Amino acid sequence: MRRLAIYLMVKVLKFGGSSVATPENIKKVKAIVEQSTDNKLVVVSALGGVTDQLVRAGAMAAAGNEAFRKELEAIEQRHLYTAKALVKPQQQGHVLSELKVLLNELEDYLQSMLRLQEHTPKLQDYVLSFGERMSAFLVSEVIEDAVLLDARSLIKTNSMFGKAQVDFEKTKALVGGILSNIKGRAVLPGFIASDENGVTTTLGRGGSDYTAAILAAAAGAAAVEIWTDVDGFMTADPRKVEKAYPVKRLSYLEVFELSNFGAKVIYPPTVHPLLSANISMWIKNTFNPAAEGTLVNAGADTASNQSVKGISSIDDIALLTLHGVGMTGIPGISKRLFGALAEAKANVVLISQASSEQSITFAIIPEHVAPARQAIEHAFETEISHHTIGLKIEDNMSVIAIVGENMKRMPGVSGKLFHALGKNGVNVVAIAQGSSELNISTVVHKPDLRKALNVIHEAFFLVDCREVFLYIAGIGTVGSSLLQQIRQQRDDLMKHHHLKVNLVGVMNSKKMLFDEQGIDLDNVKGALERQGVPLSLNGFLQHLASLNLRNSIFVDCTASEEVAGIYENVLQSFVSVVAANKTACSGPYACYRKLQDLSRMRGVKFLYETNVCAGLPVIKTINELVLSGDKITKLEAVLSGTLNFIFNTISDEIPMSQAIKMAKEKGFSEPDPRVDLSGVDVLRKILILSRECGYPLEKTDVEINTFLPAGCFNAPTVALFFDEVRKLDAGFEARRKALYAAGKRWRFVASLDSGKATIGLQEVDSAHPFFYLQGSDNIIMLHTGRYSAQPMVIKGAGAGAAVTAAGVFGDIIRIANI
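Rules used throughout
Residues numbered from 1 in each chain as written. Predicted model: local features only at pLDDT ≥ 70, side-chain atom pairs only at ≥ 80, totals over all residues. Heavy atoms only, no water. Pairing = 2+ DSSP bridges. Helix = DSSP H or I, 4+ residues; strand = E, 2+ residues; numbered from the N terminus. Axes fitted to C-alpha atoms, helices over the stretch in contact; angles between N-to-C directions. Contact = heavy atoms within 4.5 Å. Nonpolar A, V, L, I, M, F, W, Y, C, P; charged D, E, K, R; others polar. Phe/Tyr/Trp six-rings, centres within 6.5 Å; stacked < 30°, edge-to-face > 60°. Buried < 20%, exposed > 50% of the residue type's maximum accessible area, 1.4 Å probe, protein only. Parallel < 35°, antiparallel > 145°, perpendicular 65-115°, else oblique. Left-handed = near helix turned anticlockwise from the far one by under 90°.

### Quick word on the sheet that holds strand β28 (residues 777–784)
Link 1 in the chain: Spatial strand order, β25-β27-β26-β24-β28-β29: six strands in an open sheet with mixed pairing. Of all the strands in the sheet, the pair left with one neighbour each is β25 (702–705) and β29 (792–797). Averaged over all adjacent pairs, the angle separating strand axes in this sheet is 25°, with direction ignored.
Link 2 in the chain: When β28 meets β29, the two strands line up antiparallel, connected through six bridges. Bridge pairing in β29 links I780 to I794.
Link 3 in the chain: Contacts from helix α25 (residues 680–692) reach β24 (632–638), β25, β26 (744–753), β27 (756–765) and β28, with the element oriented near 40° to β26.

### Regarding the environment of Q358
Link 1 in the chain: Among the secondary structure elements, Q358 is positioned in the loop between β12 (348–353) and β13 (359–364).
Link 2 in the chain: For the pair Q358 and T328, spaced 30 residues apart in sequence, the C-alpha to C-alpha distance is 5.6 Å.
Link 3 in the chain: With residues near it in sequence (within four places) discarded, Q358 still touches L322, H323, G324, V325, M327 and T328.

### Some remarks on the sheet that holds strand β18 (residues 499–507)
Link 1 in the chain: Taking strand neighbours across the sheet as the criterion, the seven strands line up as β20-β19-β18-β17-β21-β22-β23 in an open arrangement whose pairing is mixed. Where the open sheet ends on each side, the last strands, each with one partner, are β20 (533–534) and β23 (606–607).
Link 2 in the chain: Here strand β19 (residues 511–514) runs beside β20; their pairing, made up of two bridges, is antiparallel. Considered in β20, the bridge of K511 is made with P534.
Link 3 in the chain: Across the sheet, helix α29 (residues 801–816) lies against β17 (466–473), β18, β21 (552–556), β22 (576–579) and β23, angled at about 160° from β22, the strand it touches most.

### What to know about the packing of helix α23 (residues 656–665) against helix α27 (residues 718–726)
Each pair of packed helices can be described by the angle between their axes along with the distance between the axes.
Link 1 in the chain: Contact geometry for α23 and α27: axes closest at 8 Å, N-to-C directions at 145°. Within the contact between the two elements, α23 uses M656, S657, I660, K661 and K664 and α27 uses F721, F722, V725 and R726.
Link 2 in the chain: Across the contact of α23 with α27, the residue classes break down as five nonpolar, one polar and three charged.

### Re the packing of aromatic side chains
Link 1 in the chain: Tallied over the full model, the rule gives 22 aromatic pairs.
Link 2 in the chain: Here the aromatic rings of Y126 and F130 are separated by 5.3 Å at their centres, their planes lie at 85°, and the arrangement is edge-to-face. Residue Y126 and its partner F130 are both found in helix α5 (residues 121–142); the two are separated by four residues, about one turn of the helix.
Link 3 in the chain: Exposure remark for Y126: the relative accessible area of 15% places this residue in the buried category.
Link 4 in the chain: A residue is classified by how much of its surface remains accessible, and F130, at 0% relative accessible area, is buried.

### Let's talk about the packing of helix α1 (residues 23–34) against helix α3 (residues 68–86)
Link 1 in the chain: Running from amino to carboxyl end, α1 crosses α3 at an angle of 55°, the nearest separation of the two axes being 9 Å. Comparing the axis directions of α1 and α3 gives the class oblique. Taken as a pair, α1 and α3 cross one another with a handedness that is right-handed. Between α1 and α3, the contacting residues are P23, I26 and K27 on the first element and Y81, T82, A85 and L86 on the second.
Link 2 in the chain: Broken down by class, the residue content of the contact of α1 with α3 amounts to five nonpolar, one polar and one charged.

So this is what it looks like as structure tokens:
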């Protein structure tokens with residue numbers, strides 16, 4: 001350590017607890033400080049975690065608990081280890097000796113507290129001061145040509161121990177007097193100060209930032225650098241929002257608002273002295289010094305087109321509401337309320353008042369609820385006893401604030417905020433916005449906090465990037481094909497469309513698996529088999545609700561009635577549904593209508609394009625026609641790719657039974673082909689289309705004309721069914737030859753005419769659009785008010801896992817892009 005003569009223009013650097021937590025970190029601090037010869041004041045916090053240890057040790061000693069010695073021993077060992085790791089052996093004697101002096105003094109004070117069983121704020125401040133004092137001493141011995149200064153001799157406060165108020169005039173005089181005799185580098189402990197009697201005080205937890213600001217203002221510093229463990233002031237808390245990134249520039253007003261509402265980078269009182277002295281501040285990362293960091297100064301960043309600059313939150317608050325008719329038109333209610341809160345020393349975080357004057361809502365931290373309640377009930381004792389005023393208390397709440405000076409006179413900010421929250425099922429309990437338009441604060445239920453922060457961040461900071469979270473039921477032929485398509489397309493979606501698709505839940509008929517970080521798309525089946533737990537649909541719903549992820553989509557690639565039965569619960573959880581499963585939409589009309597209404601009320605989507613014609617845009621087209629005011633008067637369609645394949649395949653060489661078997665082998669039919677041959681599948685499809693056209697039909701309203709006798713459908717097994725069909729091969733072949741001789745073909749047609757639906761086998765000639773239908777293709781003709789002379793025709797592949805999966809994928813993309 002050395003003392004020199006003249007102190008020129010200074011820069012103040014502050015290093016937090018994480019920056020000095022280990023010997024390796026302190027070496028990084030040394031490198032940062034020594035990289036230039038500028039005059040510097042270096043303010044340091046206690047080694048990371050030491051302040052908490054001192055708090056515990058003091059509490060134990062005052063409670064008569066000898067266990068404080070274990071905390072003291074841990075503190076001693078850590079500081080001695082750090083000294084030995086940093087200081088050359090020939091210099092260790094002096095350093096270790098000075099540390100022992102401080103540690104012995106700390107032990108004496110703790111021993112006194114043990115003996116007296118006394119734990120006053122005054123004693124607490126002195127005990128806590130040892131963390132910064134030992135840290136500053138160590139750092140001063142490591143940094144080349146550094147002077148150690150005691151902040152208590154520079155910063156003067158009142159005697160409000162625990163959070164002392166600074167006397168800036170006295171402090172400025174003392175700083176000027178001492179610093180005029182120092183040049184180079186000086187190291188000081190943060191957090192601590194002293195009152196007019198020289199008694200140690202502290203500036204509040206996080207007060208080392210404040211120390212740096214106080215010294216900078218008093219010394220007229222060129223700038224302040226706050227060195228921490230992040231690359232700057234982040235758009236949101238990166239522990240809750242993975243996509244958070246550093247903001248390049250903020251104003252002091254923005255930093256103050258963000259810090260007051262939970263942002264941990266800066267201690268809020270730090271802003272005032274720097275703003276008053278017009279000194280710029282940089283937020284930098286000790287562990288990534290090359291990162292640009294965040295510049296904070298007095299002016300708003302008008303060059304930025306970003307209206308919101310940051311999001312912060314207070315995780316745990318209570319919401320109290322004073323309400324009742326006894327408040328309306330009565331002057332002095334607010335004065336009595338906030339006077340009572342002041343007497344209870346309850347700090348109010350947020351205030352919201354209804355224009356009807358019948359309620360005032362405010363947020364406080366949970367520790368203040370009991371004294372606040374007692375004070376309010378005393379202040380309004382008469383009104384409460386007459387039931388004209390009441391007090392409502394809600395706990396387990398959180399406050400979220402979006403902050404930005406460019407929000408002023410910027411229309412649409414509130415709309416974007418509440419739209420993002422609402423469509424993801426986050427209920428806003430209370431709202432507050434000042435006339436400055438700098439801050440919009442919302443209160444949400446604490447379990448929704450993480451989701452809310454992410455949807456808000458995505459809305460304001462990731463406008464060119466969006467994430468969706470998938471829960472897939474069924475990974476058979478369609479489900480597996482869907483996973484393959486997502487895997488093949490994911491890089492392109494991210495690169496060209498800024499859309500990231502995450503698979504976070506999957507189930508088959510036996511197991512289910514969840515992973516919030518994402519299930520590896522390259523090995524979904526293997527992961528489900530190895531890591532999955534036994535399937536429970538109730539358990540699946542509980543996991544889905546507990547993850548509570550934004551932009552969530554439940555994808556049903558099964559044919560299960562049980563899985564379709566959970567759609568209502570999924571939609572209730574503000575999760576969209578994409579269904580390849582026809583069960584829900586072809587069940588009772590009341591259930592179909594309920595799901596439609598529920599999705600609309602919840603602001604989520606219920607899409608099922610692949611219920612009819614696989615990936616063809618049939619339902620979407622009908623919806624758009626109806627919504628635009630057109631009316632479907634008649635509909636004719638070949639809706640079974642399986643049956644079309646069969647009737648296109650039978651020939652002289654391939655009888656009916658073999659064609660059915662081929663359809664089964666190619667995966668066009670169900671494992672039991674009778675599901676397709678009975679017309680049940682087509683019935684479901686025409687029923688769905690009828691409902692989309694506006695006709696509330698039930699299954700019993702559809703006329704079915706089957707082409708196979710009952711004996712085929714009553715066969716006990718699939719094998720016996722094929723035996724029955726083989727008996728019919730000759731007859732079908734004779735009919736087919738006669739049909740072809742007449743220039744006609746068979747088509748299994750579904751029709752809807754004036755609200756009446758029928759399905760059955762028809763003969764069509766070459767003049768009919770259905771005549772040339774190939775393979776397993778589907779076709780649909782829509783006669784509408786606008787398409788009366790010439791029907792609208794939609795035609796294409798209507799069966800197969802790949803095209804069905806593509807349709808499901810298309811529905812997912814539609815939801816993602818909304």
